[in-house]
Amino acid sequence: KFNVMSKLFESNMVRELLEEILPRWSLSKGNVTIRNGGEFEEMDLLVADPASRTLLVCELRWMLQPGDPREVQNRKKVCRKKVDQLQRKVHWLRTRVATALSVLGLENSREEEWEVQGVVVIQTFGGTLSRSEEFPIMTARLFALGITQATSLRQFATWSPSLRWLPQENVHFRVVPQEVQLDVLGKRLVVSGIEKLCSVKAYTEFVTQSLLPVGR
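From a predicted model like this one, the values you see are computed outputs, not experimental measurements.

Calculation rules
Residues numbered from 1 in each chain as written. Predicted model: local features only at pLDDT ≥ 70, side-chain atom pairs only at ≥ 80, totals over all residues. Heavy atoms only, no water. Helix = DSSP H or I, 4+ residues; strand = E, 2+ residues; numbered from the N terminus. Buried < 20%, exposed > 50% of the residue type's maximum accessible area, 1.4 Å probe, protein only. Contact = heavy atoms within 4.5 Å. Areas by Shrake-Rupley, 256 points an atom, 1.4 Å probe, with all protein chains shown as cover. Pairing = 2+ DSSP bridges. Disulfide = S-S within 2.5 Å. Axes fitted to C-alpha atoms, helices over the stretch in contact; angles between N-to-C directions. Parallel < 35°, antiparallel > 145°, perpendicular 65-115°, else oblique. Left-handed = near helix turned anticlockwise from the far one by under 90°. Nonpolar A, V, L, I, M, F, W, Y, C, P; charged D, E, K, R; others polar. Expected span 1.5 Å × (residues − 1). Core = buried A, V, L, I, M, F, W, Y, C linked by side-chain atoms within 4.5 Å.

### Topic: the overall build of the chain
Helix and strand counts for the chain come out as six helices and seven strands. Going from the N terminus to the C terminus, the chain shows its helices and strands as α-β-β-β-α-α-β-β-α-α-β-β-α. Dimensions of the chain along its principal axes, counting C-alpha atoms only, are 65 × 50 × 30 Å. In the chain, which comprises 216 residues, the proportion classed as buried is 41%. Within the chain, contacts between residues at least 6 apart in sequence are counted, and of these 60% link residues at least 24 apart. Summed over its atoms, the accessible surface of the chain is roughly 12,400 Å², and 51% of this surface lies on carbon and sulfur atoms.

Below, the structure is given as structure tokens:
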């Protein structure tokens, strides 16, 4: 039952993201199966930009909010698995660009001129740092903000792994100690927590500024 509900939430996630990005990137498609010979890969979201010759592969995941530190660690493990899946799909697609572009309605494109990049998009969890410098993990809100305001898909593909959009400690948040009651042992454990220091509007402005070229 949970897996069925999870699939429904992820389908809704794809739909909501497409509603946000289609006005900016019309060559976008969700839940795409790319077939080449006897092989195939399923792509949660594909976005193409002919102007910058960029194809973006998005691996999506909807999650329940974690309720305790153990669940946080489990969510982080899932995020890392998603990065591994994304890496496999991007590498597979880099030799099959023309096939993917035809699915998006672009025929006769010279695939050697295209760059294929990828990003993991997470909803209902803050995510974690990716183990891969090439494939970042972003929240759905941050992804939608960046991809709709980028001047080109190539810019977004360069900006997203740069991590310039990450909130800064003592500017957007600070680390504070928190006590957790351990009912089984009857003791209290002190762990590190996060306290927000700025509004959503202020952080959104920071992300928008991070899209500008360095030095501006």
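Read on for the rest.
### Brief notes about the pairing of strand S4 (residues 115–123)
Extensive coverage of S4 is indicated by the burial of seven of its nine residues. Sheet topology note: the strand S3 (residues 54–62)/S4 ladder contains nine bridges and is parallel. Residue Leu-60 lies in a different strand from S4, and its bridge partner there is Val-121.

### Focus on the state of the cysteines
Going through the model one piece at a time under the given rule, you end up with zero disulfides. Cys-79 supplies the cysteine sulfur nearest to Cys-58, a cysteine that is in no disulfide, at a spacing of 15 Å. Relative accessible area serves as the criterion here: at 0%, Cys-79 is assigned to the buried category.

### A word on the packing of helix H4 (residues 140–149) against helix H6 (residues 200–210)
Their axes nearest at 10 Å, the elements H4 and H6 cross at an angle of 45°. With respect to H6, the element H4 is oriented oblique. Note on packing geometry: the crossing formed by H4 with H6 is right-handed. When H4 is examined against H6, the residues Arg-141, Leu-142, Leu-145 and Gln-149 are found in contact with a partner set consisting of Val-200, Tyr-203, Thr-204, Val-207 and Thr-208. Residue classes in the contact of H4 with H6 are distributed as five nonpolar, three polar and one charged.

### As for helix H2 (residues 69–93)
Its 25 residues give H2 an end-to-end C-alpha distance of 36 Å, which sits within 8% of 36 Å, the value for a rise of 1.5 Å per residue. Buried residues belonging to H2 abut strand S1 (28–36), strand S2 (39–49), S3, helix H3 (97–103), S4 and strand S5 (137–139).

### With respect to the sheet that holds S3
Sheet architecture is open: five strands sit in the order S1-S2-S3-S4-S5, paired in mixed fashion. Here the strands that pair on one side only, and so sit at the sheet edges, are S1 and S5. If you compare each strand with its neighbour and ignore which way they point, the axes differ by 45° on average. Bridge count for S4 against S5 is three bridges, and the pairing is parallel. Looking across to S5, one finds that Val-120 is bridged to Ile-137.

### Looking at the nonpolar core
If you look at the biggest cluster of nonpolar residues, it comprises 31 residues, and the most contacted ones within it are Leu-56, Val-121, Phe-143, Ile-147 and Phe-156. By size, the runner-up hydrophobic cluster in this structure holds 27 residues, among which are Val-90, Leu-93, Leu-104 and Val-116.

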